[in-house]
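What follows is each chain in one-letter form.
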Amino acid sequence: MGAGIGGDALALLLGRAGWRVTVVEIAPELRAGGQTVDLRGDSREVLDRLGLLDECLKHLVPQRGAVWIDETGRRLARMPVEAFGGQGLVSKEELLRTDLARVLHTAASEHVTHLFGDTVETLEETHSGVRATFRHHPTETFDLVVGADGAHSRVRTLAFGPEEQYRRPLGFAHAWFTLPERPETPRLDGWMVMCNIPGSLMIAARPGHDGEQEIGLSFPATSLPPRGDRAARFALLDSTFAGVGWRAPEFLAAARDAADFALDTYDQIVVDGWHRGRIVLLGDSAWCASPLSGLGTALALQGAEILANALITDDLDSYALRMRPRVDAAQRMFPGRVAMYAPRTRTGIRVMTGAIRLVQTPPISTALTRLAASHGR
C-alpha cells in the first residue's frame, strides 16, 4: 500500500527477486509535488545498489546553497553548498521528490502491478494470508501486506490501531506547492531562500526545474481543518500570514491554483513493533521522523532495502534490529532543532542567523567538517 519512495523501492527489490507484487495507491496517478531531496550518504548508496543513481543524476536541480533573509529581503546569513565539506544544509546534488519517485516507479513497473485510485477497506489475517477488501477492486488474499502509505497510514490504522496512539506532534504545520515560472517572478539563482518572521513563521522558496520554485509556508499548529475542506485550509493560511512581508501575498495567491498543494502538520510517528503477523509497516507509516529531520527519504530507501532482504531471507526480525537504531537517531534530532527552525522572536531570529554565520568561521567550521566526514550523513 503506497506508491511512494519506500513502497516502490520495496516493490522493485521484491519484484526483481521473483515475488508477485501489487502496489496499491489511493491517488489516481503517481503523486507530484514535494520538496527537493539530496543524494548524499545512505540515499546515494541505496540508489547506486539499485542501479538507479545515474538516472537520478540526470534530474538534478542546480543548487548554490541556502540564504536567510528578513521580511524586506535583507540577507542575514548564508550557507553555500561547499560548507562543511559539502555536508551543510543543502547538497550540490539534489533532485525533486517528484523525479525520484518517477525513477523508482518506472523501474518498479517492469516487475510489479500498480493499482491507482484505490485503497483497502479491511484487512483480515487468515490461515492462508491476509484477505484485503478494496474500495474498488475485487477482494484478494496476499501472503504479505506492507503499509508504505505515509504518516496517516490506513494500513496502520486497520492493523495496529488509531493514529492518535502513534502520532507525536512537533507543534508546526507546513504547506508546500510548486510555483510556475512567470515573467514577474524573482529569480532564486540556485539559492534556497528562507524568511523567518516573529511568531515562529517561516516562508521558503527553493529552485525547481525550468524556473519553477518549490514554496513552503510553516507556522505553529498541532491540528488543522479537515483535509477535504480546502476553503478552511486556505482561510487559515490567509489569516496566519496576513500582513507578513517578503513574497507572502504572492505565495498565498498562488497556493490556490497549485495542482500539488499540500498542507500537513509536522509530526513524528512512533510504533514499538513494525509488524504484526503478515502485516508490516515501512517508511513514514512506521517511523516518520518529520521533514525537520531531513532524513525521511534516506530512511525510506534504507528501510525498503533492509525489509526486502529480511523477507527474501525469511528473517523478518532482522528488519527491526537493523532499522531501529537508525530511526531512533533520526527522531532524536539535535537539541533545539525545532526552535531553531522557526524562532519565536526577532531576537531569536538574530541569534539563529548569527549562529549560522559563526559556525562557518574557522576553526569551528574545520572541526565540524571533520565531524561530518567521520560520521557520514
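For the structure itself, look to the data block above.
The paragraphs below set out a description of the structure included in this document. (Residues numbered from 1 in each chain as written. Predicted model: local features only at pLDDT ≥ 70, side-chain atom pairs only at ≥ 80, totals over all residues. Heavy atoms only, no water.)

Concerning the overall build of the protein
Move 1: A count of helical and extended segments in the protein gives 14 helices and 17 strands.
Move 2: Reported as C-alpha extents along the three principal axes, the dimensions of the protein are approximately 65 × 50 × 40 Å.
Move 3: Out of the 377 residues belonging to the protein, those deemed buried represent 51%.
Move 4: Restricting the contact set of the protein to residue pairs at least 6 apart, pairs at least 24 apart contribute 70%. (Helix = DSSP H or I, 4+ residues; strand = E, 2+ residues; numbered from the N terminus. Buried < 20%, exposed > 50% of the residue type's maximum accessible area, 1.4 Å probe, protein only. Contact = heavy atoms within 4.5 Å.)

Let's talk about the sheet that holds strand E16 (residues 275-276)
Move 1: Pairing in this open sheet of 3 strands is mixed, and the strands run E10-E17-E16 from one edge to the other. Either end of the sheet is taken by a strand with one partner, and the two such strands are strand E10 (145-147) and E16.
Move 2: Bridge count between E10 and strand E17 (residues 279-281): 3 bridges; the pairing is parallel. By the bridge assignment for E17, Val146 is matched with Val280. (Pairing = 2+ DSSP bridges.)

Notes on the side chain of Thr178
Move 1: Relative to the helices and strands, Thr178 is located in strand E11 (residues 167-179).
Move 2: Of the polar contacts made by the side chain of Thr178, one reaches the side chain of Asp260; its length is 2.6 Å.
Move 3: If near-sequence neighbours (up to four positions away) are discounted, Thr178 is found in contact with Glu212, Gln213, Glu214, Ala258 and Asp260. (Polar contact = N/O pair within 3.5 Å; in protein donor to acceptor, adjacent residues only side chain to side chain.)

A closer look at the pairing of E11
Along a regular strand, successive side chains alternate from one face of the sheet to the other.
Move 1: Pairing of E11 with strand E15 (residues 262-269), which is carried by 8 bridges, proceeds in the antiparallel orientation. Within E15, the residue paired with Arg168 across the bridge is Gln268.
Move 2: Direction of pairing for E11 relative to strand E14 (residues 213-220): antiparallel, over a ladder of 8 bridges. Each residue of the ladder has a partner; that of His174, found in E14, is Ser218.

A short note on the layout of surface pockets
Sizing a probe to match a water molecule and rolling it over the atoms shows the empty space that remains.
Move 1: Taken as a whole, the second largest pocket holds about 610 Å³ of empty space.
Move 2: The wall of the second largest pocket is formed by 25 residues, among which Arg20, Val21, Thr22, Phe142 and Leu144 lie closest to the centre.
Move 3: Elements that contribute at least two residues to the lining of the second largest pocket include exactly helix H1 (5-16), strand E1 (22-25), strand E7 (120-126), strand E8 (129-134), strand E9 (140-142) and E10.
Move 4: The element best represented in the lining of the second largest pocket is H1, accounting for 4 residues.
Move 5: Of the residues belonging to the lining of the second largest pocket, the class tally is 17 nonpolar, 5 polar and 3 charged. (1 Å grid on protein atoms, 1.4 Å probe; cavity = no way out; pocket = protein on both sides within 12 Å on 5 of 7 lines; lining within 4 Å. Points joined across faces, edges and corners; volume = space filled by probe spheres on them. Nonpolar A, V, L, I, M, F, W, Y, C, P; charged D, E, K, R; others polar.)

Quick look at the pattern of salt bridges
Where side chains of opposite charge bring their charged atoms close, a pairing between them can arise.
Move 1: What the rule picks out here adds up to 16 salt bridges.
Move 2: The partner of Asp38 in a salt bridge is Arg40, with the nearest N and O atoms 3.2 Å apart.
Move 3: For Arg40, a relative accessible area of 8% translates into the label buried.
Move 4: The partner of Asp238 in a salt bridge is Arg256, with the nearest N and O atoms 2.6 Å apart. Remark: Arg256 occurs in the loop between helix H8 (248-255) and E15 and Asp238 occurs in helix H7 (residues 230-240); sequence separation between them is 18 residues. (Salt bridge = Lys/Arg side-chain N within 4 Å of Asp/Glu carboxyl O.)

Description of the pairing of strand E3 (residues 65-69)
Move 1: Within E3, 5 of the 5 residues are buried, leaving the element largely enclosed by the surrounding structure.
Move 2: Judged by which residues are buried, E3 turns out to be covered on both faces: Gly65, Val67 and Ile69 on one side and Ala66 and Trp68 on the other are all buried.
Move 3: In this antiparallel pair of consecutive strands, E3 and strand E4 (residues 75-80), the connection spans 5 residues, and Gly73 shows a positive phi of 95°.
Move 4: Pairing analysis gives 5 bridges linking E3 to strand E12 (residues 191-197), with the strands arranged parallel. Residue pairing for E12: Val67 is matched across the bridge by Val193.

Concerning the sheet that holds E7
Move 1: Read from one edge of the open sheet, 3 strands run E7-E8-E9, paired in antiparallel fashion. Strands with a single pairing partner mark the edges of an open sheet, and in this sheet they are E7 and E9. Each neighbouring strand pair of the sheet contributes to a mean axis angle of 25°, computed without reference to strand direction.
Move 2: Inspection of the sheet shows E8 paired to E9 by 3 bridges, in the antiparallel sense. Along E9, the bridge assignment pairs Val130 with Phe142. (Axes fitted to C-alpha atoms, helices over the stretch in contact; angles between N-to-C directions.)

Some points on the side chain of Thr98
Move 1: The residue Thr98 is located in helix H5 (residues 97-109) in this model.
Move 2: Ignoring sequence-local partners within four residues, the contact set of Thr98 consists of Ala32 and Gly33.

Re H1
Residues spaced three or four apart along an α-helix face the same direction, because each turn holds 3.6 residues.
Move 1: For H1, built from 12 residues, the straight-helix expectation of 16 Å at 1.5 Å per residue is met to within 8% by its first-to-last C-alpha distance of 17 Å.
Move 2: Ile5, Gly6, Gly7, Asp8, Ala9, Leu10, Ala11, Leu12, Leu13, Leu14 and Gly15 are the residues of H1 that are buried.
Move 3: Where H1 is buried, its residues touch E1, H5, strand E6 (113-116), E10 and helix H10 (296-312). (Expected span 1.5 Å × (residues − 1).)

As far as function goes, none of this settles anything; it's purely spatial.
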